[in-house]
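# Residue-level structure breakdown
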Amino acid sequence: MFYTDVKARAPIADYDQSLVWTTVLLLGLGLVMVYSASIAIAEGSRSTGHQPAFYLARHGLYLAIAVIAALIAFQIPLRLWQRAAPFLFMLGIVLLILVLIPGIGREVNGSQRWISLRFVNLQPSELMKLFVVLYAADYTVRKAGHMDSLRKGFLPLFVVMMIVSWLLLREPDFGAFVVISVIAMGILFLGGMNWKLFAGLFGLMLAGFAGLILASPYRLQRVIGFMDPWADPYGKGYQLSHALIAFGRGEWFGVGLGASVEKLFYLPEAHTDFLLAVIAEELGFAGVAAIVLAFCWVVMRAFAIGRRAAALERYYPALVAQGIGLWIGVQAIINIGVNMGVLPTKGLTLPLLSFGGSALVATCCAIGVLLRVDWENRQLMRGFTV
């Protein structure tokens, strides 16, 4: 549907069509590439019944659920999201506690990040990213008059975020910890926190990250391995070295869809954390560049929608929209950086593309909320109430 702006006399859509189509293209490409990256793994694994399309079927199911969840999220007004934000945040904390309880949480590769729901696994840290966006935006709006105060403005949120951070590091899920910390700090800054106070807290946060890395031999080894993966290509540098080989083989336009060699049991987590390396090998620089541009567009639209909401004096929706853009942008940057060897290896998926039900559902819900912010903006510009 379209309406005409009185001043410009130009048709304007009821929703951001470019954002929708960019998201659809990323989801579609993710479905194709997850299948391509997982055929050999699925066919050679007893747990999948040696079915080549096992991960394709699972990802297709997750995608259908994610799209339905996004449509439901779009139907919910932002005022209801704001009322529910503290309760959703508490639900997220409860889930993070449950995942650490033996018998409830499921351990995979040394990390206890999943709650088994019989047929699927729920990863609370993925849902927590959305809950933190909603809660931090609500907190910032409520504390707008105290953004210059460390005690009244920052400290209360800092305390609850420390609880969340401690729970995430107990799993451990350092990647989610980084993303959630950036989301909370970013929303505070966008909400008007004093820049001197923010700079000091940002410095403390960097020092805290460094301390966590130095205090953990496991994380320190990952950083050392990332700096020189070829020093131990069959040990701590194995995953990254094969990701770099995949990038090198892809050159400009790739070796062709389905023709990757690295996915043939050489590159671990080829359909999840390192999906981009398979894309680089099969579609080349052109494919990777297209994905980077698509993410740039999604983030730009999120911030543009947020600015429009702020111009309409809708400050909570504005911070939610920009928080979602910050979340997707930061996680995409980290995943791309890890795949290219410019950042330490982290267990973070590529938003909207990688295999993983919880991540896909949470991100699609976020896109649904973002489109709802945009839709409400356009309704107000037409003179309607929302």
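Now for a look at the structure at hand.

Criteria and cut-off values
- Position numbers for residues count from 1 along each chain, tracking the sequence in the order it is written.
- Local features in this predicted model are restricted to residues of pLDDT 70 or higher, and side-chain atom pairs are both shown and tallied only at a pLDDT of 80 or more, whereas totals for entire chains, interfaces and linings draw on every residue.
- Side-chain measures were taken over the full set of non-hydrogen atoms in the model, leaving aside hydrogen atoms and water.
- Classification of ring pairs rests on two measures: the distance between centres of Phe, Tyr or Trp rings, Trp counted by its six-membered ring, which must be within 6.5 Å, and the angle between planes, read as stacked under 30 degrees, edge-to-face over 60 and tilted in between.
- Helix numbers and strand numbers start at the N terminus; a helix is a DSSP run of H or I with at least 4 residues, a strand a run of E with at least 2.
- Any residue under 20% of the maximum accessible area for its type is buried, any over 50% is exposed, and the rest in between are partly exposed; the area is computed with a 1.4 Å probe on protein chains only.
- Here the expected span of a helix is defined as 1.5 Å times the quantity of residues minus one.
- At least two DSSP bridges between two strands are needed for those strands to be called paired.
- When two cysteine sulfur atoms lie within 2.5 Å, the pair is treated as a disulfide.
- Angles here are taken between N-to-C directions and fall from 0 to 180 degrees, while the axes themselves are lines fitted to C-alpha atoms, restricted in helices to the stretch in contact.
- Comment on the angle field: the value is read as roughly parallel under 35 degrees, roughly antiparallel over 145, roughly perpendicular from 65 to 115, and oblique elsewhere.
- Left-handed describes a crossing whose near helix is turned anticlockwise from the far helix through less than a right angle; right-handed describes the clockwise counterpart.
- Residue contacts are counted whenever heavy atoms from the two residues lie within 4.5 Å of one another.
- Classification convention: Asp, Glu, Lys, Arg as charged; Ala, Val, Leu, Ile, Met, Phe, Trp, Tyr, Cys, Pro as nonpolar; all other residues, Gly among them, as polar.
- To count toward a patch, a residue needs a relative accessible area above 30% and no salt bridge. Like charges then connect within 9 Å, nonpolar side chains (Val, Leu, Ile, Met, Phe, Trp, Tyr) within 5 Å.
- Here, Shrake-Rupley sampling with a 1.4 Å probe gives the accessible areas, and only protein chains in the shown set may cover a residue.
- The salt bridge criterion pairs a side-chain nitrogen of Lys or Arg with a carboxyl oxygen of Asp or Glu, the two atoms within 4 Å.

## Considering the packing of aromatic side chains
One pass over the structure, following the stated rule, counts 8 aromatic pairs. For the ring pair phenylalanine 89 and tyrosine 135, a centre distance of 4.3 Å and an interplane angle of 15 degrees mean the geometry is stacked. Taken together, the residues span a long stretch of sequence, with phenylalanine 89 in helix H3 (residues 78-98) and tyrosine 135 in helix H4 (residues 124-142) at a distance of 46 residues. In this structure, phenylalanine 89 and tyrosine 135 share a single accessibility class: buried. Ring centres 5.6 Å apart and planes at 40 degrees place the aromatic pair phenylalanine 174 and phenylalanine 177 in the tilted group. With phenylalanine 174 and phenylalanine 177 both in helix H6 (residues 174-190) and 3 residues apart, the pair spans about one turn of that helix. Given the relative accessible area of 10%, phenylalanine 174 is considered buried. Site record: aromatic cluster; members linked through ring pairs are Phe54, Tyr55, Tyr62 and Phe355.

## Section: H4
Taking 1.5 Å as the rise per residue, H4 with 19 residues should run 27 Å; its terminal C-alpha atoms sit 26 Å apart, in good agreement. A large share of H4 lies buried, amounting to 17 of its 19 residues.

## A word on the sheet that holds strand E5 (residues 121-122)
Strands in a sheet are paired, the pairing made by backbone hydrogen bonds, and the direction either parallel or antiparallel. The antiparallel open sheet is built from 3 strands, whose spatial order is E3-E4-E5. Edge positions in the sheet fall to strand E3 (105-108) and E5, since each has one partner strand and no second. Of the strand pairs in this sheet, E3 and strand E4 (residues 111-116) are connected by 4 bridges, and their pairing is antiparallel. Bridge pairing in E4 places arginine 106 opposite tryptophan 114.

## Let's talk about the state of the cysteines
Scanning the model with the defined rule gives 0 disulfides in all. Sulfur of cysteine 365: no disulfide; nearest cysteine sulfur belongs to cysteine 364 and is 7.5 Å away. Owing to a relative accessible area of 13%, cysteine 365 belongs among the buried residues under this scheme.

## Comments concerning the packing of helix H1 (residues 17-44) against helix H10 (residues 275-311)
Working note: a packed helix pair is described by the angle between its axes plus the distance between those axes. Packing of H1 against H10 brings their axes to within 10 Å, and their N-to-C directions diverge by 155 degrees. Comparing the axis directions of H1 and H10 gives the class roughly antiparallel. The two elements H1 and H10 meet at a crossing, and its hand is left-handed. Each of Ser18, Leu19, Thr22, Leu26, Leu29, Met33, Val34, Ser36 and Ala37 in H1 lies in contact with H10, whose residues at this interface are Leu275, Val278, Ile279, Glu282, Leu283, Ile291, Ala294, Phe295, Trp297, Val298, Arg301 and Ile305. Across the contact of H1 with H10, the residue classes tally to 16 nonpolar, 3 polar and 2 charged.

## What about a nonpolar patch on the surface?
Residues Leu155, Phe158, Val159, Met162 and Ile163 make up a contiguous nonpolar surface patch of roughly 420 Å² in combined accessible area. Summarising the element assignment, methionine 162 is placed in helix H5 (residues 150-170). By relative accessible area, which is 44% here, methionine 162 ends up partly exposed.

## Section: the pattern of salt bridges
In the structure shown here, the tally under the stated rule is 11 salt bridges. Ionic pairing is found between arginine 113 and aspartate 173, a salt bridge with its closest N-O pair at 3.9 Å. Taken together, the residues arginine 113 in strand E4 and aspartate 173 in the loop between H5 and H6 connect sequence positions 60 residues apart. With relative accessibility at 12%, the residue arginine 113 sits in the buried group. Judged by relative accessible area, which is 2%, aspartate 173 ranks as buried.

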